[in-house]
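Single-letter residue listing:
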Amino acid sequence: MIMKIRAFARSMLGLNRRNSDLISRYNPRNQFQVVDNKIKTKAVLSTLQIPVVETFMVYQLQRDISQFAEQSHAWGEFVIKPAQGAGGEGVLIVTGKNKGGFVLSDDRWVPVQELESHLADILGGVFSLNQRYDEALIERRVHAHPALAPLSFRGLPDIRVLVFRGVPVMAMLRVATQASRGRANLHLGGIGVGIDLTVGVTTYALAGRQWITHHPDTQGLLSGRTIPDWNELLMIAARCADAVALGYVGVDLTIDASKGPCVLELNARPGLSIQLANRRGLRPLLTAVEQQTPEALPVLERVHLGQRLTRHAE
Amino acid sequence: MVGLTVLGATLGIGALLHVSIFPMVIMANLIENFTNTQLERGTGEAFRLTLNTLLVATCSYVGIENTGLKPLVLTFPELLLGIIAVELLLGRWRGLRLVEYFRFYGVLSSPEPEPLIKTRKVSAE
């Protein structure tokens, strides 16, 4: 028992070690402002031709909001996001228009005024990391690839790839449930599904503290699913890490039904639960990467290195 | 503050004269945070946080009053430096936190779910 716990403690990465050995060592402070702001992230990524979701509009000032009702005629479906939001808070998915108002992804009808006041809340910094002001952005609504869509209840499933020194080391799929209200974040009730990095097939699914094989709302099978364009996703994730010059970064991607893989956001303080969904600790993998100098390798080699390491470093 | 003092003096309520500025500031702060949280995260969450704050404050009060901590710290203020040292020491700890043992171990020690396709075994061959 004691031996088992000690072996377990040696392989799991905890918050303290993540902060001191990874984030403060590999993530330069001045890059945080890029990653923490979706508008800046998108600007950096799109100059490198990394696919991101198109932005329809950015609202920076309260007085711009008065134009929202008129401008929204041009957009069929769209998503409202705070630029500096965290954990999926403040995101509204608008699926259509009806009777002078809008329909949200949970079939709720809201008048224009409610969306305007939501925008005002975002600009006021209600959902923002720094609690001060923020910007609101309107994005195209992404429709998940048919291989991913049935896995999630309403919300968009996303794929988190953890990239360490340019090498993808671990990945998980996050899907929404009824309890998480369309959001895929684990602490909101979403499900984390581990992914075998070598082939892009899902392994174990964790809902809260419960291991499951089927989605509680859709009854769809969660494990053993093949994720399309897997190697391309990993390459995009590795290129994102290069683009923002962060040594330890979580890249959130999804696969659009028509446009293929695209980046949703980056995270400079990626969480630890990815280890749970994959049922393995990160530390052996990170040590294995640190024994090399992967920064010098081309992207494809780094992806292969990550895949090789997950197979052998136990 | 002034109002309370004047009120206490005219009505002859001695207790009101002793209200000092510090508790008033803290109460005002608590109220402000309460309304802020209520706006952003709902009334329930605001109540929960306020109750937590009051609970921690009560525990601290009991701890400070009943354990002889007050005279000790007042006589040897340099003890506070020791607290800083302990905090620095705790901050340098890189292993798992106690809560992480519970958070991770409970989940990972449960029997391994049967993966429907044993990809890792296949790829290892």
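About the thresholds
- Residues numbered from 1 in each chain as written.
- Chains lettered and ligands numbered in written order.
- Predicted model: local features only at pLDDT ≥ 70, side-chain atom pairs only at ≥ 80, totals over all residues.
- Heavy atoms only, no water.
- Helix = DSSP H or I, 4+ residues; strand = E, 2+ residues; numbered from the N terminus.
- Buried < 20%, exposed > 50% of the residue type's maximum accessible area, 1.4 Å probe, protein only.
- Areas by Shrake-Rupley, 256 points an atom, 1.4 Å probe, with all protein chains shown as cover.
- Pairing = 2+ DSSP bridges.
- Axes fitted to C-alpha atoms, helices over the stretch in contact; angles between N-to-C directions.
- Contact = heavy atoms within 4.5 Å.
- Disulfide = S-S within 2.5 Å.
- Buried area = accessible area lost by both parts, 1.4 Å probe.
- Salt bridge = Lys/Arg side-chain N within 4 Å of Asp/Glu carboxyl O.
- Polar contact = N/O pair within 3.5 Å; in protein donor to acceptor, adjacent residues only side chain to side chain.
- Nonpolar A, V, L, I, M, F, W, Y, C, P; charged D, E, K, R; others polar.
- pLDDT = per-residue confidence, 0-100.
- Left-handed = near helix turned anticlockwise from the far one by under 90°.

Participant: Looking at this structure, how should I read the overall build of chain B?
Facilitator: Along chain B, the regular secondary structure elements total eight helices and zero strands. Secondary structure elements of chain B occur, N-terminal to C-terminal, as α-α-α-α-α-α-α-α. Taken over 125 residues, chain B has a buried fraction of 13%. By element, 72% of the accessible surface of chain B is carried by carbon and sulfur atoms, the whole surface being about 9800 Å².

Participant: Which parts of the structure should I look at to understand the sheet that holds strand 11 (residues 210–212) of chain A?
Facilitator: Whenever strands of a sheet pair, they do so through backbone hydrogen bonds, lying parallel or antiparallel. Residue and element names in this part refer to chain A. Pairing is antiparallel across the open sheet formed by seven strands, whose spatial order is 11-10-9-8-7-12-13. Edge strands, defined here as strands with exactly one partner in the open sheet, are strand 11 and strand 13 (260–267). The sheet shows a mean angle of 30° between the axes of neighbouring strands, direction not considered. In the sheet, strand 7 (residues 158–164) pairs with strand 8 (residues 167–175) via seven bridges, with the strands oriented antiparallel. In the strand pairing of strand 8, Ile159 is matched with Leu173. Helix 2 (residues 15–26) rests against strand 7 and strand 12 (248–256) of the sheet, and its axis sits at about 80° to strand 12.

Participant: Looking at this model, I keep getting lost on the state of the cysteines. Mind explaining?
Facilitator: Disulfides are covalent bonds that connect the sulfur atoms of two cysteines. The full count for this structure, using the stated rule, is zero disulfides over all chains. As a non-bridged cysteine, Cys240(A) has Cys262(A) as the owner of its nearest cysteine sulfur, 11 Å distant.

Participant: Before we go on, may I ask you to explain the interface of chain A and chain B in this structure?
Facilitator: Size of an interface: often given as the accessible area lost when the parts come together. In this assembly, 38 residues from chain A lie in contact with 27 residues from chain B. When the two sides are added together, the surface that chain A and chain B hide from each other amounts to roughly 3000 Å², 58% of it contributed by carbon and sulfur. Of all residues in chain A, the largest losses of buried area upon contact with chain B belong to Phe8(A), Asn16(A) and Arg279(A), amounting jointly to 20% of the total for that side. The salt bridge partner of Arg94(B) is Asp21(A), with a shortest N-O separation of 2.5 Å. Between the two partners, chain A and chain B, sit eight residue pairs in polar contact (both at pLDDT 80 or more). Broken down by element, the side of chain A that touches chain B gets its largest block of residues, six residues, from helix 2 of chain A. Broken down by class, the residue content of the side of chain A that touches chain B amounts to 16 nonpolar, twelve polar and ten charged.

Participant: Would you take a moment to explain the pairing of strand 9 (residues 191–196) of chain A for this structure?
Facilitator: Walk down a regular strand and you will see the side chains alternate between the two sheet faces. Residues and elements named next belong to chain A. Across the six residues of strand 9, six count as buried, placing the element largely inside the fold. The alternating pattern of strand 9 places Ile191, Val193 and Ile195 and Gly192, Gly194 and Asp196 on opposite faces, both of which are buried. Bridging between strand 8 and strand 9 involves four bridges; their strand directions are antiparallel. Bridge pairing in strand 9 places Val175 opposite Ile191. As paired elements, strand 9 and strand 10 (residues 201–207) share five bridges and run antiparallel to each other. Residue pairing in the sheet places Ile195 in a bridge with Thr202 of strand 10. Connecting strand 9 to the next strand, strand 10, in antiparallel fashion are four residues, including Gly200 with a positive phi near 75°.

Participant: Hey, could you run me through the confidence of the model for chain A in this one?
Facilitator: The predicted model of chain A averages 90 in pLDDT, with 98% of residues at 70 or higher. Mean pLDDT across the secondary structure elements of chain A bottoms out at helix 1 (residues 2–11) of chain A, with 84, and peaks at helix 7 (residues 230–244) of chain A, with 96.

Participant: How should I be thinking about the pattern of salt bridges in this particular structure?
Facilitator: Two side chains carrying opposite charge are able to pair once their charged atoms lie near each other. Under the criterion given, the structure shown has 20 salt bridges over all chains. Among the salt bridges present, the one from Glu45(B) reaches Arg48(B), with a minimum N-O distance of 3.2 Å. Taken together, the residues span about one helical turn, with Glu45(B) and Arg48(B) both in helix 4 (residues 43–66) at a distance of three residues. According to the relative accessible area criterion, Glu45(B) is partly exposed, its value standing at 22%. When its relative accessible area of 43% is taken as the criterion, Arg48(B) is described as partly exposed. Counted as one network, the salt bridges with shared partners bring together Arg17(A), Asp21(A), Arg25(A) and Arg94(B).

Participant: How do you make sense of the sheet that holds strand 4 (residues 101–104) of chain A when you look at a structure like this?
Facilitator: Residues and elements named next belong to chain A. Strand order in the open sheet formed by six strands is 1-6-2-3-4-5, and the pairing between neighbours is antiparallel. Each edge of the sheet is formed by a strand with only one pairing partner; in this case those strands are strand 1 (55–59) and strand 5 (109–111). This sheet shows a mean twist of 30° between the axes of neighbouring strands, independent of strand direction. Sheet topology note: the strand 1/strand 6 (residues 136–140) ladder contains four bridges and is antiparallel. In the sheet register, Val58 faces strand 6, and the bridge partner there is Leu137. Running over the sheet, helix 4 (residues 38–47) touches strand 1, strand 2 (78–82) and strand 6 and is turned about 50° from strand 6.

Participant: How do you make sense of the packing of helix 3 (residues 21–41) of chain B against helix 4 of chain B when you look at a structure like this?
Facilitator: Packed helices, taken two at a time, are described by their axes: the angle between them and the distance between them. All names here are of chain B. Contact geometry for helix 3 and helix 4: axes closest at 7 Å, N-to-C directions at 150°. Handedness of the crossing formed by helix 3 with helix 4: right-handed. Each of Leu30, Phe34, Thr37, Gln38 and Arg41 in helix 3 lies in contact with helix 4, whose residues at this interface are Thr43, Glu45, Ala46, Phe47, Leu49, Thr50, Thr53 and Leu54. In terms of residue class, the contact of helix 3 with helix 4 is built from six nonpolar, five polar and two charged.

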